[in-house]
Amino acid sequence: MKPIRKAVLPVAGLGTRFLPATKAVPKEMLTVVDRPVVQHVVDEAREAGIEHFIFVTGRGKAVIEDHFDIAFELDRMLQERGKQAAYEELKRDLPAAGQTSFTRQQAPLGLGHAVWCAREIVGDEPFAVLLPDMLSRGCMGQMLSAYERHGGNVIAVEEVAPEETHQYGIVSVGETFGQTFEVTGMVEKPKQGTAPSNFIISGRYILQPEIFGILEHGEKGAGGEIQLTDAMIKLMGSQDFFGMRYEGRTYDTGSKLGFLTANIAYALDRKDLAGPLKAEIAKLLADH
Ligand code: UTP
């Protein structure tokens with residue numbers, strides 16, 4: 001079984017659900033506490049052992065490339081002013097030279113198209129995809145363990161209320177093996193009341209490179225976009241897919257409510273912020 005060394009992070013979307021904030025600032029650069037969302041996602045992948053990060057960018061996203069580069073003047077100024085801890089943190093956050101690649105999706109034609117844009121850099125090996133607006137700490141580590149057990153293709157899933165299923169890609173559940181199960185079907189944004197399960201595809205994938213040959217055809221699906229889900233459905237004809245129930249909570253920071261909730265949840269996990277934040281929340285709740 002080939003190891004998973006590379007991760008694709010598609011960051012070329014328009015972020016229309018978060019306008020006007022995302023008019024000039026990529027939604028992947030909005031901060032959850034004091035780190036850009038995309039940094040949290042790179043942290044998750046690095047902790048799982050991913051070695052190479054392929055960003056599929058688009059117009060107005062150059063700041064993401066700058067974020068994953070050395071800021072020479074800033075580094076020097078922090079050292080001169082004795083701000084060693086901040087300097088060390090910036091250094092820690094940065095993948096090593098040569099561990100990042102940037103390619104451009106010239107038009108936001110859909111997630112499937114964005115992934116296909118990374119084909120030359122991924123090459124002929126299985127790879128991970130992490131949607132950088134979905135925060136799910138530790139998920140990629142759990143996915144890699146599932147991949148080591150089952151091989152094939154692995155999709156992280158999470159259970160939602162039945163009335164929410166129409167907003168997501170949904171999987172059909174076959175034989176189960178503890179936290180994982182065989183995926184027997186998938187559907188993108190099913191009409192209300194028609195979803196085959198309550199398990200949503202939550203933004204983390206391990207895929208075999210044969211997916212590129214299917215995406216190559218550029219077939220459009222839901223919303224007129226080239227959907228990754230449609231290509232995975234085709235690949236299911238010849239390869240195994242497993243769903244992995246993520247042990248944790250995913251925050252969709254591309255939606256305003258998900259973003260606000262993620263900020264509170266991540267701040268409550270911080271020793272320096274939890275106490276004062278709880279006091280502030282209590283005051284706000286008392287006033288409302
Ligand atoms: P989303 O559908 O959440 O992103 O795609 P979006 O299109 O930017 O969001 P809204 O609905 O308009 O608010 C999930 C991820 O896939 C990327 C996005 O940047 C996001 O991180 N994506 C999506 C691309 O890179 N290219 C695309 O054509 C579409």
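Computed from a predicted model, the values in this text were never measured in an experiment. (Residues numbered from 1 in each chain as written. Predicted model: local features only at pLDDT ≥ 70, side-chain atom pairs only at ≥ 80, totals over all residues. Heavy atoms only, no water.)

J.: Pulling in residues and values, what's your account of the overall build of the protein chain?
T.: A count of helices and strands for the protein chain gives 11 helices and 13 strands. Over its C-alpha trace the protein chain gives a radius of gyration of 19 Å, about what one expects of a compact globule, namely 19 Å for 288 residues. If you line up the protein chain on its principal axes, its C-alpha atoms span 60 × 50 × 35 Å. A buried classification covers 48% of the 288 residues belonging to the protein chain. Counting only contacts in the protein chain whose residues sit at least 6 apart along the sequence, the fraction spanning at least 24 positions is 76%. Accessible area of the protein chain: about 14600 Å², with a carbon and sulfur share of 52%. Side-chain charges in the protein chain split into 31 positive and 39 negative, and the spacing between the mean points of these groups amounts to 5 Å. (Helix = DSSP H or I, 4+ residues; strand = E, 2+ residues; numbered from the N terminus. Rg over C-alpha atoms; globule rule 2.2 N^0.38 Å. Buried < 20%, exposed > 50% of the residue type's maximum accessible area, 1.4 Å probe, protein only. Contact = heavy atoms within 4.5 Å. Areas by Shrake-Rupley, 256 points an atom, 1.4 Å probe, with all protein chains shown as cover. Lys, Arg positive; Asp, Glu negative; His and termini not counted. Charge placed at Lys NZ, Arg CZ, Asp CG, Glu CD.)

J.: Residue-level account of the packing of helix α3 (residues 72-80) against helix α4 (residues 84-93), with values.
T.: Put simply, α3 and α4 touch, their axes get as near as 8 Å, and they point 150° apart. Taken together, the axes of α3 and α4 lie roughly antiparallel to each other. When the axes of α3 and α4 are compared, the crossing they make is left-handed. Between α3 and α4, the residues in contact are Leu-74, Asp-75, Leu-78 and Gln-79 and Gln-84, Ala-86, Tyr-87 and Leu-90, respectively. (Axes fitted to C-alpha atoms, helices over the stretch in contact; angles between N-to-C directions. Parallel < 35°, antiparallel > 145°, perpendicular 65-115°, else oblique. Left-handed = near helix turned anticlockwise from the far one by under 90°.)

J.: Help me get a handle on the site of the ligand, residues and values and all.
T.: Near the ligand lie 19 residues; those nearest to it are Gly-15, Thr-16, Arg-17, Gln-105 and Gly-110. The separation between an oxygen atom of the ligand and a polar main-chain atom of Gly-15 is 2.8 Å. Per-class residue counts for the shell around the ligand are 10 nonpolar, five polar and four charged. (Near = heavy atom within 4 Å. Polar contact = N/O pair within 3.5 Å; in protein donor to acceptor, adjacent residues only side chain to side chain. Nonpolar A, V, L, I, M, F, W, Y, C, P; charged D, E, K, R; others polar.)

J.: Mind laying out the nonpolar core, listing which residues take part and the relevant values?
T.: Counting 37 residues, the largest nonpolar core has Leu-9, Ile-50, Phe-55, Leu-135, Met-143 and Met-244 as its most contacted members. Those elements giving two or more residues to this core turn out to be β1 (6-10), α1 (37-48), β4 (52-57), β6 (127-130), α7 (139-150), β8 (153-159) and α10 (256-268). Examining the composition of this core, we find that six residues originate from one element, α7, more than from any other. Once residues lying within four places of it in the same chain are set aside, the contact partners of Met-244 are Cys-139, Gln-142, Met-143, Ala-146, Val-154, Ile-155, Ala-156, Val-157, Gln-179 and Thr-180. Grouped together as the second largest cluster of nonpolar side chains are 34 residues, Ile-54, Trp-116, Leu-207 and Phe-212 included. (Core = buried A, V, L, I, M, F, W, Y, C linked by side-chain atoms within 4.5 Å.)

J.: So what about the UniProt feature "domain: Nucleotidyl transferase" (unreviewed entry) in the protein chain? Which residues, and what values?
T.: Per the UniProt record, "domain: Nucleotidyl transferase" (unreviewed entry) is annotated on residues 7-265. Here residues 7-265 runs as 32% helix and 25% strand, with 26 Å between its end C-alpha atoms. (UniProt positions renumbered as here; feature names shortened; annotations may be inferred.)

J.: Explain the environment of Asp-75 to me, using residue names and the numbers behind them.
T.: Relative to the helices and strands, Asp-75 is located in helix α3. Its relative accessible area of 15% is what places Asp-75 among the buried residues. Spatially, the C-alpha atoms of Asp-75 and Glu-88 are 9.2 Å apart, while their sequence positions differ by 13 residues. The residues contacting Asp-75, other than those within four sequence positions of it, are Ile-70, Tyr-87 and Leu-90.

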